Amino acid sequence: MPSFRYLIAAIGMAALLGIGLAGSVQAAEGRLYPSGPPNGVAYLRFANLSAAAVKITSAGGALDLGTGGAQRVGEFDPVTPGTELTGTAAIGGRTAPVKVTLKANEFVTVAVTAGADGAPEVTLVREEPTDFNAQKSALALYNLDRQCTDARLTAGDGRTVVISGVKPGATGRRLVNPVNVALAVACDDKDAGTKTDLGAMAAGERYSVFVFAPGGVGRQAFGLADKMAPFRP
Amino acid sequence: MNGLLAGLAILVIGDSHMVTNDYLITTLHNDLVEQGATVSSYGMCGTNAGDWVYKTDVSCGEAERHGTKPAVINRQARAPGWTIDQLITQNHPNLVVVEMGDTMAGYGQQDFPRGWIYEQVRTLTQRIAGHNLPCVWVGPPWGNEGSSYHKTFARVKEMSDFLAQSVAPCRYIDSTQFSKPGEWPTIDGQHLTASGYRAWGKGIGDALDRMVSAGEIKK
């Protein structure tokens, strides 16, 4: 799975790098160490939802996102909240700017799609999840298909709705039992659904299902286990 | 010695509550030894759970203790630290006890850093699980409000409840059940007095007894 951590490190973690666990500033207050991430933390990842390879570039480096399953999505990398992160998303020779400032504890997925003319388009999907649970699986649906106005994730025979009401450019998430079940993304009552397979979900893990239509045609869905890069101050 | 824990080789790791004589490295360690367990304890001050997986220097003290020997405490400014893999290989435990919570709860921060805490906790619990070892996670005690640590009873409760749902497959010991908020006096809002550490150590030991008696921990 592609990692963006070193790229982000150059542009977003600079403030953290100068602060150790037992910094002298804290010691002056009579404390041995801070509790929690010293400057707060937020998480950022990139996803390629186009038909072609995507390159994300910042002043600190570059990240290539392919078109095969897990190659499409990077890790959630810890970044400093309140710091503007900038870069570009490129498909072929065409680029679109990336500019995002995260709030503390926010998780942002920078989704790169391609318009009908093939030019990259950037959508920020923001969430502040609270559903962390080591005995359940956290399952999310990300809707990056503009034609899918009311996305829902169904399980089994398609009649069991797991997540519903997800608008384009948004996400929905819920805790489920860790099971192995067939999933599909449907966009209205007449939609038989686009199938996807996560395999056996594990307790404590987090999963994302993306629905998208490269170039506005040919709806696709795929899912993967979320990865979080280690936080190292 | 009551022998309730005989047959257990327990590796105890923790934060600053384990790095000073008369803290848990004395009281909990003694309690477990007196119950027949073989015990090795390690503390790294100021560390988060992930620091026990990705080796880190420790800047405010570390300590280790084995069996009935006295604790060896290192107050070097940059002590070398240990990893859980290293300690499991060295000590061959059949039970790991993790005492950690105060360093990760975000005291003084407006927002509770759920995602970050979860990542820290999972990093350690999954590494322990990778060794096919059972583990028990001990959450933070109440402490006192109004100190430079900015510890509040509400945040301690939030942290303890969050750990309870985050530490599986480890079992959880809720230290807030051992006393009322503020009942155990502290020296700085966070670290207890000797009587508090005696009570906390006994509470943890008794909880482990109950888990063993209930068959939740196999010898």
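Given the structure is predicted, the values throughout are model-derived calculations rather than measurements.

Scoring rules and cut-offs
- Residues numbered from 1 in each chain as written.
- Chains lettered and ligands numbered in written order.
- Predicted model: local features only at pLDDT ≥ 70, side-chain atom pairs only at ≥ 80, totals over all residues.
- Helix = DSSP H or I, 4+ residues; strand = E, 2+ residues; numbered from the N terminus.
- Buried ≥ 20, exposed ≤ 12 C-beta atoms within 10 Å, placed from the backbone.
- Pairing = 2+ DSSP bridges.
- Axes fitted to C-alpha atoms, helices over the stretch in contact; angles between N-to-C directions.
- Contact = placed C-beta atoms within 7 Å.
- Core = buried A, V, L, I, M, F, W, Y, C linked by C-beta atoms within 7 Å.
- pLDDT = per-residue confidence, 0-100.
- Parallel < 35°, antiparallel > 145°, perpendicular 65-115°, else oblique.
- Left-handed = near helix turned anticlockwise from the far one by under 90°.
- Nonpolar A, V, L, I, M, F, W, Y, C, P; charged D, E, K, R; others polar.

**Comments concerning the overall build of chain A**
Part 1: A count of helices and strands for chain A gives three helices and 16 strands.
Part 2: Each of the 233 residues in chain A was classed as buried or not, and the buried ones make up 44%.

**Here we look at the pairing of strand S11 (residues 160–166) of chain A**
Along any regular strand the residues' side chains alternate between the sheet's two faces.
Residues and elements named next belong to chain A.
Part 1: In this sheet, S11 lies alongside strand S10 (residues 151–155) in antiparallel orientation, the contact comprising four bridges. Residue Ala155 lies in a different strand from S11, and its bridge partner there is Thr160.
Part 2: Connecting S10 to the next strand, S11, in antiparallel fashion are four residues, including Gly156 with a positive phi near 65 degrees.

**Description of the sheet that holds S10 of chain A**
Residues and elements named next belong to chain A.
Part 1: Strand order in the open sheet formed by four strands is S11-S10-S13-S14, with antiparallel pairing between adjacent strands. Where the open sheet ends on each side, the last strands, each with one partner, are S11 and strand S14 (194–196). The mean inter-strand angle of the sheet, taken between neighbouring strand axes irrespective of direction, is 20 degrees.
Part 2: Note: strand S13 (residues 183–186) against S14, three bridges, orientation antiparallel.

**Observations regarding the environment of Gly139 of chain B**
Residues and elements named next belong to chain B.
Part 1: Here Gly139 lies in the loop between strand S6 (135–138) and helix H4 (153–166).
Part 2: A residue is classified by how many C-beta atoms lie within 10 Å of it, and Gly139, with 24 of them, is buried.
Part 3: In the structure, Gly139 is positioned 38 residues away from Gly101 in sequence and 5.6 Å away in space, judged by C-alpha atoms.
Part 4: Among residues more than four places away in sequence, those in contact with Gly139 are Gly101, Ser160, Leu163, Tyr172, Ile173, Asp174 and Ser175.

**Observations concerning the sheet that holds S6 of chain B**
Residues and elements named next belong to chain B.
Part 1: Taken in spatial order, the seven strands make up an open sheet running S4-S3-S2-S1-S5-S6-S7, and their pairing is mixed. Of all strands in the sheet, those with a lone pairing partner are strand S4 (72–74) and strand S7 (171–173), marking the two edges. Taken pair by pair, the neighbouring strands of this sheet meet at an average axis angle of 15 degrees, ignoring direction.
Part 2: By the bridge criterion, five bridges tie strand S2 (residues 38–44) to strand S3 (residues 62–66) in an arrangement that is antiparallel. Residue pairing for S3: Gly43 is matched across the bridge by Ala63.

**A look at the nonpolar core**
Part 1: Membership of the largest hydrophobic core comes to 122 residues, with the highest contact counts inside it found for Val209 and Phe210 of chain A together with Val98 of chain B.
Part 2: Not counting the four nearest positions on each side in its chain, Val98 of chain B is found in contact with Ile13, Gly14, Leu124, Cys135, Trp137, Val138 and Cys170 of chain B.

**Overview of the confidence of the model for chain B**
Part 1: Of the residues in chain B, 100% reach a pLDDT of 70 or more, and the chain-wide mean stands at 96.
Part 2: Predicted complex, confidence summary: ipTM 0.91, pTM 0.91.

**Looking at the packing of helix H3 (residues 114–129) of chain B against H4 of chain B**
Residues and elements named next belong to chain B.
Part 1: Contact pair H3 / H4: the axes reach a minimum separation of 11 Å and the direction vectors enclose 45 degrees. By the angle class used here, H3 and H4 are oblique. The interaxial crossing formed by H3 with H4 has right-handed handedness. Of H4, the residues touching H3 (which contributes Arg114, Ile117, Tyr118 and Val121) are Phe162, Leu163 and Ser166.
Part 2: Grouping the amino acids of the contact of H3 with H4 by side-chain chemistry returns five nonpolar, one polar and one charged.

**A closer look at unusual backbone geometry**
All names here are of chain B.
Part 1: The linkage connecting Ala168 with the following residue, Pro169, adopts the cis geometry, with an omega of 10 degrees.
Part 2: Here the phi dihedral of Asp22 falls at roughly 80 degrees; this positive angle occurs in a residue that is not glycine.
Part 3: Among the secondary structure elements, Asp22 is positioned in the loop between strand S1 (9–14) and helix H1 (24–34).
Part 4: On the basis of neighbour counts, which here come to 15 C-beta atoms within 10 Å, the residue Asp22 falls in the partly exposed class.
Part 5: Phi angles above zero are rare outside glycine, and His150 is one such case at about 60 degrees.
Part 6: Along the polypeptide, His150 turns up in the loop between S6 and H4.

**Points about the pairing of strand S6 (residues 94–101) of chain A**
Residues and elements named next belong to chain A.
Part 1: Strand direction decides the pairing type here: strand S5 (residues 84–91) and S6, joined by eight bridges, are antiparallel. Its bridge partner being in S6, Ala89 is matched across the sheet by Ala96.
Part 2: Following S5, the chain reverses through two residues before pairing antiparallel with S6; Gly92 in that reversal takes a positive phi of roughly 60 degrees.

**Comments concerning the packing of H1 of chain B against helix H5 (residues 194–213) of chain B**
Residue and element names in this part refer to chain B.
Part 1: One way to put it is that H1 packs onto H5 with a least axis distance of 8 Å and a crossing angle of 35 degrees. Crossing hand, H1 versus H5: right-handed. Where H1 abuts H5, its residues Leu24, Thr27, Leu28, Asp31 and Leu32 lie against Tyr197, Arg198, Trp200, Gly201, Lys202, Ile204 and Gly205.
Part 2: Looking at the contact of H1 with H5 residue by residue, the classes come out as six nonpolar, three polar and three charged.

**Considering H1 of chain B**
All names here are of chain B.
Part 1: Most of H1 sits inside the fold, with nine of its 11 residues counted as buried.
Part 2: Those residues of H1 not exposed but buried are Leu24, Ile25, Thr26, Thr27, Leu28, His29, Asp31, Leu32 and Val33.
Part 3: Looking at the packing, one finds that the buried side of H1 touches S1, S2, S3, strand S5 (95–99) and H5.

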